[in-house]
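# Examination of the molecular architecture
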Amino acid sequence: MAIVSLSTMHTFSWRKRSTFILIFLPIIISVFVFCEFLIYYIVIIQCHWPQLNSQSSAAGEQTSDSILKAMFLSDTHLLGQVNGHWLDKLRREWQMERAFQTALWLLQPEIVFILGDAFDEGKWSSSEAWSDDVRRFQKMFRHSAHTELVVIVGNHDIGFHYEMTAFKLERFLKVFNFTSEKLITRKGINFVTVNSIALEGDGCMICKEAEAKLTELSRRLNCSLQDQSQYKKRCGGVDIPPASAPILLQHYPLYRESDSKCTGDDSAPPDKKNDLFREKYDVLSQEATQKLLWWFHPRLILSGHTHSACEVLHNGRIPEISIPSFSWRNRNNPSFIMGSITSTDFSLYKCFLPFEITVLTVFTV
């Protein structure tokens with residue numbers, strides 16, 4: 001009798017465990033699928049391409065073919081061999097890959113700009129480590145032929161000025177086909193990409209080459225906005241781009257004292273807002289800032305580097321948008337910028353990604 005009773009109890013216990021698994025396993029799988037896949041679609045599908053200002057006289061003449069749909073993000077900081085724990089790398093890279101691929105599928109931008117610090121350890125990584133980082137980056141940020149990807153150099157990609165070498169810069173340029181101080185023109189819209197680290201102003205070889213390219217770009221853009229009959233001698237033989245004030249894209253922000261005047265949920269934390277920025281480290285120097293503004297008279301500036309959002313006006317009229325980090329390792333609330341842009345107008349919209357605290361709460365509830 002005891003043996004029969006024990007066998008019955010064992011069978012009952014097994015049935016209880018089986019019932020428990022059958023009930024809770026689908027719940028666990030559903031929570032996992034929601035937190036790791038569906039939540040990106042639910043959040044990003046709420047984002048939309050901004051409308052151009054209907055009050056503008058030019059806006060009424062714009063067609064969908066003349067509007068460029070551009071996406072801007074920054075500071076992805078793919079972890080490397082030195083500072084990157086395998087679990088941290090796996091988690092952060094999965095999050096960014098799902099966010100980016102979901103955004104591409106739902107929003108279908110024509111061009112994507114990454115404003116520097118694609119990697120965390122490019123400034124010191126070996127050739128082998130660099131190749132591994134590049135392979136992972138290309139997998140995460142893969143895209144169709146209908147979307148163009150432009151990656152701008154940052155200090156973590158090639159090092160701060162004292163760490164920057166021609167070798168590090170060249171291997172970055174080779175992978176991303178990024179030419180420092182380059183003019184990119186799409187649909188009559190001029191984008192100027194800048195190597196912020198080369199604007200040290202100390203006469204280093206890379207710095208001199210960068211400034212020479214920038215002054216030549218400035219000449220070409222200024223000639224495009226001038227009356228050619230009056231400036232025939234000055235602009236003769238110049239490859240003139242479309243007549244459109246440029247948009248400046250770089251990693252470092254232009255000079256500002258601090259983030260004290262920055263607002264928004266993704267601006268710097270209150271205890272950091274009044275920290276004074278160091279020139280040539282946190283922001284460009286005042287000298288380099290004035291040069292860029294004088295050379296290009298941009299209609300918009302987009303930058304990264306600080307990992308926090310900020311909007312400032314330079315000379316009282318030129319807006320600069322600092323874009324927060326795209327990585328959850330640096331922020332609880334990453335985001336990217338969506339821009340509807342024409343040769344004469346632009347409108348921007350910030351698209352937030354899922355808050356990490358939301359995902360963790362769903363997992364633990």
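From a predicted model like this one, the values you see are computed outputs, not experimental measurements. Every chain's residues receive numbers from 1 upward, in the order its sequence appears when written. Predicted model: local features are reported for residues with pLDDT of at least 70 only, side-chain atom pairs are reported and counted for 80 or more only, and whole-chain, interface and lining totals are derived from all residues. The basis for every side-chain value is the complete set of heavy atoms in the structure, and neither hydrogens nor water enter the calculation.

### Focus: the overall build of the protein
Numbering goes from the N terminus for both helices and strands, where a helix is a DSSP run of H or I of at least four residues and a strand is a run of E of at least two. Counting secondary structure elements, the protein contains nine helices and eleven strands. Exposed residues in this analysis have more than 50% of their type's maximum accessible area, buried residues have under 20%, and partly exposed residues fall in between, with area computed by a 1.4 Å probe over protein chains only. Considering the protein as a whole, with its 365 residues, one finds that 51% of them fall into the buried category. Summing over all exposed atoms, the protein offers an accessible surface of approximately 18400 Å²; the carbon and sulfur share of this is 58%. Computed with a 1.4 Å probe, the accessible areas rest on the Shrake-Rupley method; for each residue, only the protein chains presented here act as cover.

### Concerning the pattern of salt bridges
Salt-bridge detection follows one rule: a side-chain nitrogen of Lys or Arg within 4 Å of a carboxyl oxygen of Asp or Glu. Inspection of every chain in the model, using the stated rule, returns 16 salt bridges. The residue Asp 88 makes a salt bridge to Arg 92 at a minimum N-O spacing of 3.3 Å. One end of the pair, Asp 88, and the other, Arg 92, are both in helix α2 (residues 86-107), four residues apart, so they sit about a helical turn from each other. The partner of Asp 88 in a salt bridge is Arg 329, and the shortest N-O contact between them spans 2.7 Å. Here Asp 88 is found in helix α2, whereas its partner Arg 329 is found in the loop between β9 (318-322) and β10 (335-341), with 241 residues between them in sequence.

### With respect to the environment of Glu 311
You can see Glu 311 is positioned in strand β8 (residues 310-314). Since its relative accessible area comes to 61%, Glu 311 is described here as exposed. What Glu 311 contacts, discounting residues up to four positions off in sequence, is Glu 320 and Ile 321. Contact between two residues is taken to exist if any of their heavy atoms lie within 4.5 Å; hydrogens are not considered.

### Let's talk about unusual backbone geometry
The backbone of His 77 shows a phi angle near 50°, a positive value even though the residue is not glycine. Note that His 77 resides in the loop between β1 (68-73) and α2. Positive phi, close to 55°, is recorded for Asp 117, a residue that is not glycine.

### A few points about α2
For an α-helix, 3.6 residues make a turn, and residues three or four places apart therefore share a direction. An ideal rise of 1.5 Å per residue puts 32 Å on 22 residues; α2 measures up with 31 Å between its terminal C-alpha atoms. Phi turns positive, to about 50°, at Gln 108, one or two residues after α2. Here the expected span of a helix is defined as 1.5 Å times the quantity of residues minus one.

### Observations regarding the environment of Tyr 41
With respect to the helices and strands, the residue Tyr 41 is situated in helix α1 (residues 2-44). Its relative accessible area of 28% is what places Tyr 41 among the partly exposed residues. Residues contacting Tyr 41, with those up to four places away along its chain left out, are Arg 98, Thr 102, Trp 105 and Leu 106.

### Comments concerning the side chain of Arg 98
If you trace the backbone, Arg 98 turns up in helix α2. Neither His nor the chain termini are counted; the positive set is Lys and Arg, and the negative set is Asp and Glu. Buried within the structure, Arg 98 lacks any salt-bridge partner; Glu 97 is the closest side chain of opposite charge, at an N-O distance of 4.8 Å. Excluding anything up to four places from it in sequence, Arg 98 contacts Glu 36, Phe 37, Tyr 40 and Tyr 41.

### Details of the packing of α2 against helix α3 (residues 127-140)
To get an axis, fit a line to the C-alpha atoms, keeping to the stretch in contact for a helix; angles then go from 0 to 180 degrees between the N-to-C directions. Between α2 and α3, the least distance of the axes is 9 Å, while the angle of their chain directions is 35°. Residues Lys 89, Glu 93, Met 96, Glu 97, Phe 100 and Gln 101 of α2 lie in contact with α3, whose contacting residues are Arg 136, Lys 139 and Met 140. Ten residue types, Ala, Val, Leu, Ile, Met, Phe, Trp, Tyr, Cys and Pro, are classed as nonpolar, four, Asp, Glu, Lys and Arg, as charged, and the remainder, Gly among them, as polar. Residue classes in the contact of α2 with α3 are distributed as three nonpolar, one polar and five charged.

### Brief notes about the nonpolar core
Take the buried Ala, Val, Leu, Ile, Met, Phe, Trp, Tyr and Cys residues and link them wherever side-chain atoms come within 4.5 Å; each set so joined is a nonpolar core. Phe 137, Phe 141, Val 192, Leu 292, Phe 296, Phe 326 and Phe 336 are the most contacted members of the largest nonpolar core, which totals 61 residues. It is α2 that provides the largest number of residues to this core, a total of six residues. When residues no more than four places from it in sequence are discounted, the contact partners of Val 192 are Lys 182, Leu 183, Leu 214, Leu 217, Leu 221, Pro 246, Ile 247, Leu 248, Leu 249 and Phe 296. With 19 residues, the next largest nonpolar core counts Val 150, Ile 152, Ile 247 and Leu 249 among its residues.

### Details of the sheet that holds strand β6 (residues 247-249)
What the six strands build is an open sheet, ordered β4-β5-β6-β7-β9-β8; its pairing is mixed. Two strands bound the open sheet, and with one partner strand each, they are β4 (182-186) and β8. Averaged over neighbouring strand pairs, the angle between their axes works out to 20° when direction is ignored. Two elements, β4 and strand β5 (residues 189-193), share five bridges in a ladder whose sense is antiparallel. Strand pairing is assigned whenever DSSP detects at least two bridges linking the two strands.

### Observations concerning helix α5 (residues 166-176)
For α5, the full list of buried residues reads Lys 168, Leu 169, Arg 171, Phe 172, Leu 173 and Phe 176. Among the structural elements, α3, β3 (148-151), α4 (155-158) and α6 (205-224) are those in contact with the buried residues of α5. Once α5 finishes, Asn 177 follows within two positions and takes phi at roughly 50°, a positive value.

### A few points about the pairing of strand β11 (residues 346-352)
Where β10 and β11 come together, seven bridges link them in antiparallel fashion. Paired with Ile 337 across the strands is Lys 350, a residue of β11. Where β10 folds back on β11, the antiparallel hairpin that results is connected by four residues.

Worth remembering: the numbers are spatial, not functional.
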